[in-house]
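Residue-level structural notes
The primary structure of each chain is shown beneath.
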Amino acid sequence: MADESKENSQEDLSTLTRIRRDKLSELQENGSDPFSITRYDVSHRSQEIKDNFDSLEGQEVSVAGRIMSKRGMGKVVFADLQDAAGKIQLYVRLDDVGEEALAQFKKYDIGDIIGVRGIVFRTQRGEISVKAKEITLLAKSLLPLPEKFHGLTNLESRYRQRYVDLIMNPEVRRTFEIRSKFIQYIRSFLDQRGFMEVETPVLSTISGGATARPFVTHHNTLDIDMYMRIATELHLKRLIVGGLERVYEIGRIFRNEGMDPKHNPEFTSVELYQAYADYRDMMDLFEELLSGAARSILGTYQLRWQEQDLDLTPGWPRLTMAEAVKEHTGLDFMSISDDAEAVAAAASVGVELPEGTEKTWGNALYQVFDQKVESSLIQPTFITLFPVDVSPLAKRSAEDPRLTERFELLICGNEMGNAFSELNDPIDQRARFQKQAELRANGDSEAGMMDEDYITALEYGLPPTGGLGIGVDRCVMMLTNTDTIREVILFPTMKPLN
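Conventions and cut-offs
Residues numbered from 1 in each chain as written. Predicted model: local features only at pLDDT ≥ 70, side-chain atom pairs only at ≥ 80, totals over all residues. Heavy atoms only, no water. Patch = residues over 30% accessible without salt bridge, like charges linked within 9 Å, V, L, I, M, F, W, Y side chains within 5 Å. Areas by Shrake-Rupley, 256 points an atom, 1.4 Å probe, with all protein chains shown as cover. Salt bridge = Lys/Arg side-chain N within 4 Å of Asp/Glu carboxyl O. Lys, Arg positive; Asp, Glu negative; His and termini not counted. Charge placed at Lys NZ, Arg CZ, Asp CG, Glu CD. Buried < 20%, exposed > 50% of the residue type's maximum accessible area, 1.4 Å probe, protein only. Helix = DSSP H or I, 4+ residues; strand = E, 2+ residues; numbered from the N terminus. Axes fitted to C-alpha atoms, helices over the stretch in contact; angles between N-to-C directions. Parallel < 35°, antiparallel > 145°, perpendicular 65-115°, else oblique. Left-handed = near helix turned anticlockwise from the far one by under 90°. Contact = heavy atoms within 4.5 Å. Nonpolar A, V, L, I, M, F, W, Y, C, P; charged D, E, K, R; others polar. Core = buried A, V, L, I, M, F, W, Y, C linked by side-chain atoms within 4.5 Å. Pairing = 2+ DSSP bridges.

**Let's talk about a negative patch on the surface**
On the surface, Asp-338, Asp-339, Glu-341 and Asp-389 cluster together to form a negatively charged patch. Look at Asp-338 and you get partly exposed, because its relative accessible area is 39%.

So this is what it looks like as structure tokens:
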């Protein structure tokens, strides 16, 4: 029965498509090909007319958009026109447009794109409308839109056909409007603080700046393999060496890793670096940026995300990783100095180090935090002082050389950003790169590579620098109360249907 229903549905679609194509052919034969029109003068959008009705009542306007519904087939036809700002009702009457134009309009289909010149007025029922004087078909929709009351609801179809998703689901458009506003806010926030926006290479001969598996491609002219960037960090810090004291880049990052509600192979980050600052300055900046964005875009510090009520009022808690682990598990890693003892302590709370991971104090601390603590951090919380073992680019803590001046911001168990007091000692950096290279040689595809040019840059002198990387997509997920990254990326990565 299911196959029969599917076949019937396909036959219905084929019939509807054929009817629409026949209508297009008729128009073209009559010299009215909508696809020959190159432009249309639009004077107002739908919401603008509604917002300014008192001054526009009785005035002539021209609007354009997609027909979303039609009702009435006598001497008067009502229709809903949807543009980028919303919807407005059209009033199409025989006495105003003439018999031929009304007959033609009745043949138009839901989904067709039209331009309308008419008078702004309010109907007897009180609805602000445009009384049509002239209607122009601008594009013929050859495929029918999804059924009115159910819309496009299948997640796979929504992500694959985002264009239909945007037509049918107004809340989706709002999500991407908020995304755009957030990126605009980031730029404005940083520009006002003296940061300079720059662009760095997407393709590089070195995969570095993070621990992640890269995408590999081949440059034919140079006959070399190249890597799509997994971070913008190392190039941006080269610019700090060069004297550009505050820089940032908003750009696409590519990581050849798993896909889940938090991860897409390509995503957007903003990385920023400030000379003569440290990770504490980055905490202050991040807190001000994210809380300010919520207040500016949504009008409140109070949010709802992942079924949790969040308070982004500034003054977020700051805990060291060891403090968070002790608070949630009772383990006091700061009283442990031996690697074997640390690994045993982790095992005592059910945490085993992943295969291939060195059995060190730092890795044991990090794994306990990752497996037992991170998901329980709901309200905005800064976790600081990460082990050196998992922080190859961060400066060591002066209080404990096993730790680094690094933090992550956690909200609802999600990492929202990552920051360091940047490592500027070229000798220490070389040793850490060598360690990463050894791990890579032993089969760790996420480990970094030796970057000799970056070491050379450090040898010219990198001032004390604070660096911060922010996951734009996750921040937008929070601001829009969505639970998967695919909802906030216009065209998420999808497996081909065939």
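Now that the structure has been shown, the text picks up again.
**Here's the deal with unusual backbone geometry**
Here Glu-307, not a glycine, exhibits a phi torsion of approximately 60°, which is positive. On the secondary structure map, Glu-307 appears in the loop between β12 (302-305) and β13 (308-311). For Glu-307, a relative accessible area of 68% translates into the label exposed. Positive phi, normally seen in glycine, also occurs at Leu-385, with a value near 55°. Looking at where Leu-385 falls in the secondary structure, it is placed in strand β15 (residues 381-387).

**Observations regarding the packing of helix α8 (residues 170-192) against helix α10 (residues 279-298)**
As a packed pair, α8 and α10 sit with axes 10 Å apart at the nearest point and diverge in direction by 135°. In terms of orientation, α8 lies oblique with respect to α10. Considering only the axes of α8 and α10, their crossing is right-handed. Here Arg-174, Ile-178, Lys-181, Phe-182, Tyr-185, Ile-186, Phe-189 and Leu-190 of α8 come into contact with α10, specifically with Leu-285, Glu-288, Leu-289, Leu-290, Gly-292, Ala-293, Ser-296, Ile-297 and Leu-298. Among the residues forming the contact of α8 with α10, the class breakdown is twelve nonpolar, two polar and three charged.

**A look at the nonpolar core**
The biggest cluster of nonpolar side chains holds 71 residues, and the ones touching the most others in it are Phe-182, Leu-290, Phe-333 and Met-478. No other element matches α10, which puts ten residues into this core. If near-sequence neighbours (up to four positions away) are discounted, Phe-333 is found in contact with Val-325, Ala-342, Trp-361, Ala-364, Leu-365 and Val-368. One finds Val-61, Ile-67, Val-97 and Val-130 within the second-largest nonpolar core, a separate group that totals 25 residues.

**Some words on the environment of Tyr-227**
Locating Tyr-227 in the fold gives a position in strand β9 (residues 224-228). Setting aside residues no more than four positions away along its own chain, Tyr-227 makes contact with Val-202, Leu-203, Ser-204, Thr-205, Ile-206, Ser-207, Pro-214, Phe-215, Val-216 and Met-449.

**What to know about the sheet that holds strand β8 (residues 216-219)**
The strands making up a sheet associate through hydrogen bonds between their backbones, and the pairing can be parallel or antiparallel. The antiparallel open sheet is built from three strands, whose spatial order is β7-β9-β8. Across the chains shown, the open sheet's two edge strands, defined by having one partner strand only, are β7 (203-204) and β8. Alignment of β8 against β9, held across four bridges, turns out to be antiparallel. Bridge pairing in β9 places Val-216 opposite Tyr-227.

**Regarding the pairing of strand β16 (residues 403-411)**
Every other side chain in a regular strand lies on the same face of the sheet, so the side chains alternate between the two faces. Of all nine residues making up β16, nine are buried, and the element is well covered by its neighbours. Of the two faces of β16, the one carrying Leu-403, Glu-405, Phe-407, Leu-409 and Ile-411 and the one carrying Thr-404, Arg-406, Glu-408 and Leu-410 are both buried. Sheet analysis places β15 next to β16, joined by six bridges and oriented antiparallel. Opposite Phe-382, over in β16, you have Leu-409 as the bridge partner. Taken together, the six bridges between β16 and strand β17 (residues 414-421) define a ladder with antiparallel strand orientation. Counterpart to Leu-410 in the pairing with β17 is Glu-415.

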